[in-house]
Amino acid sequence: MALFLLAAINAFGFLDRVMIALIAEKIKAEFLVTDLEIGLLGGTAFAVVNALASVPIARMAERFKRTHVTAGFLLLASLFTALAGATASFAQLVACRLGMAAGNAATEAPPHSMISDMVPPEKRASAISVFMLGVPIAALLGSFLGGAIAEKFGWRNTFLFFGVMGGAIALLCMVLLR
């Protein structure tokens, strides 16, 4: 159970990277931004903040309860994901994406560490494989479900939906992971 929950954390840490590609054209049209600005929104700015936040968050996970660090930062990322659906400007959307990037930085290293504690060395490769299934699951959910939501309900509701779902996963982690 814990391993599948960690895989869900990994999925939600990756999901918004897939989702942004699906809704980029709708964002461009609404905010009248360039391809360069969309590229910064979807890739560069996100990656830089995510990378810079990874090390301090990993250190935090070494000092405090890793489940709380991971779930807390996923909750933060999910809050920014949901807020992205309510933005009134491109600058606000960028700020939300940066918050998402910082929060998502806790969805990889601390769970790897938890897996190392939960699973004996001879079974760890299989456990990490299950954890890593979060990425293709995110790609599938993000493209199929995200695309369907965006088409039927708009790009803002896509952010809102995945923000609420990520928040639910974060809360489950706080309650169920030991």
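Preceding this section is the structure that the text describes.
No experiment lies behind these values; they were computed from the predicted model shown.

This part covers the packing of helix α1 (residues 2-31) against helix α8 (residues 155-176). The axes of two packed helices give the description: the angle between them and the distance between them. Where α1 meets α8, the axes come as close as 9 Å, and the angle between the chain directions of the two elements is 165°. Here α1 is positioned roughly antiparallel relative to α8, judged by the angle of their axes. Regarding α1 and α8, the two cross each other, and that crossing is left-handed. Packed against α1, whose contacting residues are Leu-5, Ala-8, Ile-9, Phe-12, Leu-15, Met-19, Ile-20, Ile-23, Lys-26, Ile-27, Glu-30 and Phe-31, the element α8 presents Trp-155, Arg-156, Thr-158, Phe-159, Phe-162, Met-165, Gly-166, Ile-169, Leu-172, Cys-173 and Leu-176 at the interface.

So, on to the environment of Arg-66. Tracing the chain through its elements places Arg-66 in helix α3 (residues 66-84). C-alpha of Arg-66 to C-alpha of Ala-109: the two residues are 43 residues apart in sequence and 9.7 Å apart in space. In this structure Arg-66 touches Ala-61, Pro-110, Ser-113, Met-114 and Asp-117, once residues within four positions along its chain are discounted. A polar atom in the side chain of Arg-66 sits 2.5 Å from the side chain of Ser-113. Of the polar contacts made by the side chain of Arg-66, one reaches the side chain of Asp-117; its length is 2.3 Å.

For the rest of this paragraph, the subject is helix α5 (residues 109-118). Among the residues making up α5, those that are buried are Pro-110, Pro-111, Met-114 and Ile-115. Projected onto a plane normal to the axis of α5, the buried residues spread over an arc of 140° and lie on a single side. Tucked into the core, α5 has its buried residues touching α1, α2 (35-63), α3 and α6 (124-132).

Judged by nonpolar contacts, the single largest core of 40 residues is most densely connected at Ile-23, Ile-27, Leu-93 and Phe-159. Counting residues per element, the ones that place at least two in this core are α1, α2, α3, α4 (90-104), α5, α6, α7 (134-153) and α8. With 14 residues, the top contributor of residues to this core is α1. Ignoring sequence-local partners within four residues, the contact set of Phe-159 consists of Met-19, Ile-20, Ile-23, Ile-27, Thr-81, Ala-82, Ala-84, Gly-85, Leu-93 and Met-100. Counting residues in each nonpolar core, the second largest holds seven residues, with Ala-53, Ile-57, Ala-105 and Ala-106 among its members.

The next point concerns the packing of aromatic side chains. For the coordinates displayed, the defined rule picks out three aromatic pairs. Ring centres of Trp-155 and Phe-159 lie 5.9 Å apart, and the angle between their planes is 85°; this geometry places the pair in the edge-to-face category. Taken together, the residues Trp-155 and Phe-159, both in helix α8 and four residues apart, mark about one turn of the helix. Phe-159 matches Trp-155 in its accessibility class, with the two residues each being buried. Where Phe-161 meets Phe-162, the ring centres are 5.2 Å apart and the plane angle is 75°; that geometry is what we call edge-to-face. For Phe-161, a relative accessible area of 31% puts it in the partly exposed group. Given a relative accessible area of 4%, Phe-162 falls into the buried group. Within the aromatic cluster, the residues linked to one another by ring pairs are Phe-31, Trp-155 and Phe-159.

The full count for this structure, using the stated rule, is five salt bridges. Lys-28 is paired through a salt bridge with Asp-35; the nearest N and O atoms lie 2.3 Å apart. The class of Lys-28 is buried, set by a relative accessible area of 18%. In this structure, the salt-bridge partner of Asp-117 is Arg-66, at a minimum N-O distance of 2.3 Å. Here the residue Asp-117 occupies a position in helix α5, and Arg-66 occupies one in helix α3, the gap between them amounting to 51 residues. Take Arg-66: its relative accessible area is 23%, and that puts it in the partly exposed class.

Criteria and thresholds
Residues numbered from 1 in each chain as written. Predicted model: local features only at pLDDT ≥ 70, side-chain atom pairs only at ≥ 80, totals over all residues. Heavy atoms only, no water. Axes fitted to C-alpha atoms, helices over the stretch in contact; angles between N-to-C directions. Helix = DSSP H or I, 4+ residues; strand = E, 2+ residues; numbered from the N terminus. Parallel < 35°, antiparallel > 145°, perpendicular 65-115°, else oblique. Left-handed = near helix turned anticlockwise from the far one by under 90°. Contact = heavy atoms within 4.5 Å. Polar contact = N/O pair within 3.5 Å; in protein donor to acceptor, adjacent residues only side chain to side chain. Buried < 20%, exposed > 50% of the residue type's maximum accessible area, 1.4 Å probe, protein only. Arc of directions from axis to C-beta. Core = buried A, V, L, I, M, F, W, Y, C linked by side-chain atoms within 4.5 Å. Phe/Tyr/Trp six-rings, centres within 6.5 Å; stacked < 30°, edge-to-face > 60°. Salt bridge = Lys/Arg side-chain N within 4 Å of Asp/Glu carboxyl O.

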